[in-house]
Amino acid sequence: MTDAFDVVVIGSGPGGYVCAIRAAQHGLTVAVVEQAPTFGGTCLNVGCIPSKTLLHTSELFEEAAKKFSGFGIEIGQPTLDLTRMMSHKNGAVEANVAGVAYLFKKNAIAAFHGRGAIASPGKVRVTAADGAVREIAAKAIVVATGSEPAPLPGVAIDEQRIVSSTGALSLSEVPKRLVVIGAGVIGLELGSVWRRLGAEVTVVEYLDRILPGMDGEVSRQAQRIFARQGLAFRLSSKVEGVVEKGGALEVTVASADGKTPATAIPADIVLVAIGRRPVTAGLGLETLGIATDSRGRIAVDAGFRTSVDGVYAIGDVIAGPMLAHKAEDEGAALAERLAGKAGGVNHAVIPSVVYTMPEIASVGQTEEELKAAGTAYRTGKFPFTASGRARATGRTEGFAKVLTEEGTDRVLGVHILGANASEMIAEAAVLMEFGGSAEDLARTCHAHPTFSEAVREAAMAAWWKPVHL
Ligand code: FAD
Ligand code: NAI
């Protein structure tokens with residue numbers, strides 16, 4: 001007998017597991033197919049959770065070494081027990097993936113371990129690790145197979161010395177010299193982790209700026225701060241290859257325009273972090289005629305429908321920012337739709353965060369985007385040096401910036417460089433979901449003393465005048 005479900009989800013990352021749970025909560029029968037031994041996908045196993053754990057613990061290590069003394073706490077030079085730091089990280093991962101398994105049981109979601117493929121509309125074939133094959137029937141098939149590191153031609157990742165983010169989250173010792181290829185989110189987060197733990201870190205970036213896509217002013221100031229912290233940047237540069245020489249690695253770097261001759265940077269570990277690409281191989285997309293876009297992502301409409309009836313896709317495997325919360329929200333919205341209700345995602349209001357210190361958080365449009373669109377806008381800014389709470393905690397770097405539409409005061413974008421930016425960006429997202437104005441934010445009472453008062457002051461500056469500047 002074939003197992004049959006209302007919904008079969010392929011992939012149990014934040015997109016897939018949230019879709020499955022929400023669909024079950026709406027009363028549908030649901031199965032999930034996952035090829036990895038644990039649920040939770042990239043985010044829980046080798047992404048958000050382990051990286052944020054190491055960012056937190058390495059930040060504590062750096063604070064203990066460099067800041068405690070200034071607060072009157074003398075502990076001498078702290079020593080690193082990397083094995084224990086990694087055990088704590090592994091524990092956080094295990095607790096989170098176990099949480100997903102628990103939620104699947106609680107919601108009566110059937111779990112199939114193996115590689116899923118769409119055999120035909122309405123049928124998913126699951127190939128287990130031992131080669132056993134079974135078919136499950138589904139009224140709706142949801143592809144949530146996520147993404148994987150984009151390879152760099154000529155630089156073969158072995159996850160030992162030339163690593164992707166996955167290897168960089170589990171190094172067994174602190175490299176003396178780490179070369180990071182790509183000054184994007186992974187490069188800066190994991191580059192920061194290993195720099196704090198003692199590595200000399202050089203970040204090689206093809207473009208002439210770090211964090212492309214983020215507000216330019218924020219990214220320029222962030223670069224200055226990261227450089228002060230000890231990250232060395234080689235911008236407008238391309239890696240031509242990595243070779244082993246005398247037991248170490250040598251990274252050949254030339255200018256992006258090819259005008260200056262290549263130089264070699266010695267390295268013990270090389271981290272390749274030049275972006276991620278969708279995982280679609282072996283799913284049967286070509287056989288079924290499921291359309292993809294020019295970047296290999298599955299093409300969907302606003303209801304997450306692919307070009308084939310009954311097959312849907314969400315998360316990193318479709319267009320949009322490759323972010324866990326974007327995948328989750330798409331999963332929840334699709335589940336609502338499959339249950340016959342209205343569900344949707346406002347892709348214009350998806351916050352994004354870089355969890356460095358200071359953190360960088362952003363929602364809505366950047367100044368560059370507003371200029372390119374010819375939108376007349378106002379800018380309100382407030383530095384954390386003028387925040388009482390920031391001074392009290394010694395975390396005064398950065399600023400909050402609110403961008404509003406000239407004439408209407410509607411908030412179009414909020415960009416924050418500062419400690420706790422990841423938490424503060426949520427109020428900006430709520431405000432923007434309600435089409436709020438800078439005046440709305442400025443007139444909302446904020447607790448004192450908090451970092452979020454700086455966001456309010458930036459809104460005051462965009463609307464009229466700040467108080468504390
Ligand atoms: P994934 O999480 O990639 O899950 C896909 C799942 O599908 C995997 O479990 C995979 O094994 C499974 N699968 C694939 N093919 C098949 C198949 N044929 N059959 C069965 N199973 C299959 N995002 C944030 O928002 N915040 C962060 O702080 C953050 N940090 C990150 C740090 C790192 C180092 C990395 C690499 C990513 C980070 N991300 C972060 C991005 C985030 O992890 C992804 O956006 C998110 O996991 C995408 O979710 P998803 O469900 O689309 O896919
Ligand atoms: P990214 O897209 O953020 O950054 C890649 C960087 O590499 C860019 O600056 C790009 O210009 C550069 N680059 C591309 N090709 C290059 C080359 N040949 N040589 C030198 N530089 C090159 O990608 P990244 O950092 O790999 O992360 C992938 C995705 O994972 C992110 O886009 C994000 O969606 C997600 N992620 C999210 C996190 C978060 O939300 N905090 C944390 C980590 C990852």
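Procedures and definitions
- Residues numbered from 1 in each chain as written.
- Chains lettered and ligands numbered in written order.
- Predicted model: local features only at pLDDT ≥ 70, side-chain atom pairs only at ≥ 80, totals over all residues.
- Heavy atoms only, no water.
- Helix = DSSP H or I, 4+ residues; strand = E, 2+ residues; numbered from the N terminus.
- Buried < 20%, exposed > 50% of the residue type's maximum accessible area, 1.4 Å probe, protein only.
- Contact = heavy atoms within 4.5 Å.
- Domains from an automatic or database assignment.
- Buried area = accessible area lost by both parts, 1.4 Å probe.
- Salt bridge = Lys/Arg side-chain N within 4 Å of Asp/Glu carboxyl O.
- Pairing = 2+ DSSP bridges.

## Brief notes about the environment of Val 253
Okay, step 1: In this fold, Val 253 is placed in strand S13 (residues 248-255).
Okay, step 2: Overall, Val 253 belongs to the buried group, its relative accessible area being 1%.
Okay, step 3: Not counting residues within four places of it along the chain, the set of residues in contact with Val 253 comprises Val 204, Arg 234, Ser 237, Lys 238, Val 239, Pro 261, Ala 262, Thr 263 and Ile 265.

## Brief notes about the domain arrangement of the chain
Okay, step 1: On domain assignment, one finds that the chain holds domain 1 (4-149 + 277-338), domain 2 (162-274) and domain 3 (352-463).
Okay, step 2: Taking only C-alpha atoms, the centre of domain 1 and the centre of domain 3 are 30 Å apart.
Okay, step 3: Contact with domain 1, which involves seven residues of that partner, is made by six residues of domain 3.
Okay, step 4: The contact between domain 1 and domain 3 buries some 550 Å² in all, and 58% of this surface belongs to carbon and sulfur atoms.
Okay, step 5: In this assembly, domain 1 and domain 3 are joined by two salt bridges.
Okay, step 6: A salt bridge links Glu 59 to Arg 395, with the nearest nitrogen and oxygen atoms 3.7 Å apart.

## What to know about the pattern of salt bridges
Okay, step 1: The final tally for this structure, using the stated rule, is 26 salt bridges.
Okay, step 2: Ionic pairing is found between Lys 66 and Glu 62, a salt bridge with its closest N-O pair at 3.2 Å. Remark: Glu 62 and Lys 66 occur in helix H3 (residues 48-66); sequence separation between them is four residues, near one turn of the helix.
Okay, step 3: In this structure, Lys 401 and Asp 215 form a salt bridge, with 2.8 Å as the shortest nitrogen-oxygen distance. Taken as a pair, Lys 401 in strand S21 (residues 399-405) and Asp 215 in the loop between strand S10 (200-204) and helix H7 (216-229) lie far apart in primary sequence, 186 residues in all. For the pair formed by Lys 401 and Asp 215, the shared burial category is buried.

## Here's the deal with the pairing of strand S15 (residues 269-272)
Consecutive side chains along a regular strand alternate between the two faces of the sheet.
Okay, step 1: Both faces of S15 are covered, namely the face carrying Ile 269 and Leu 271 and the face carrying Val 270 and Val 272.
Okay, step 2: Relative to S15, strand S8 (residues 162-163) is paired through two bridges, and the arrangement is parallel. When the bridges of S15 are listed, Ile 162 appears paired with Val 270.
Okay, step 3: Pairing geometry for strand S9 (residues 177-181) and S15, over four bridges, is parallel. Its bridge partner lying in S15, Val 179 is registered against Val 270.

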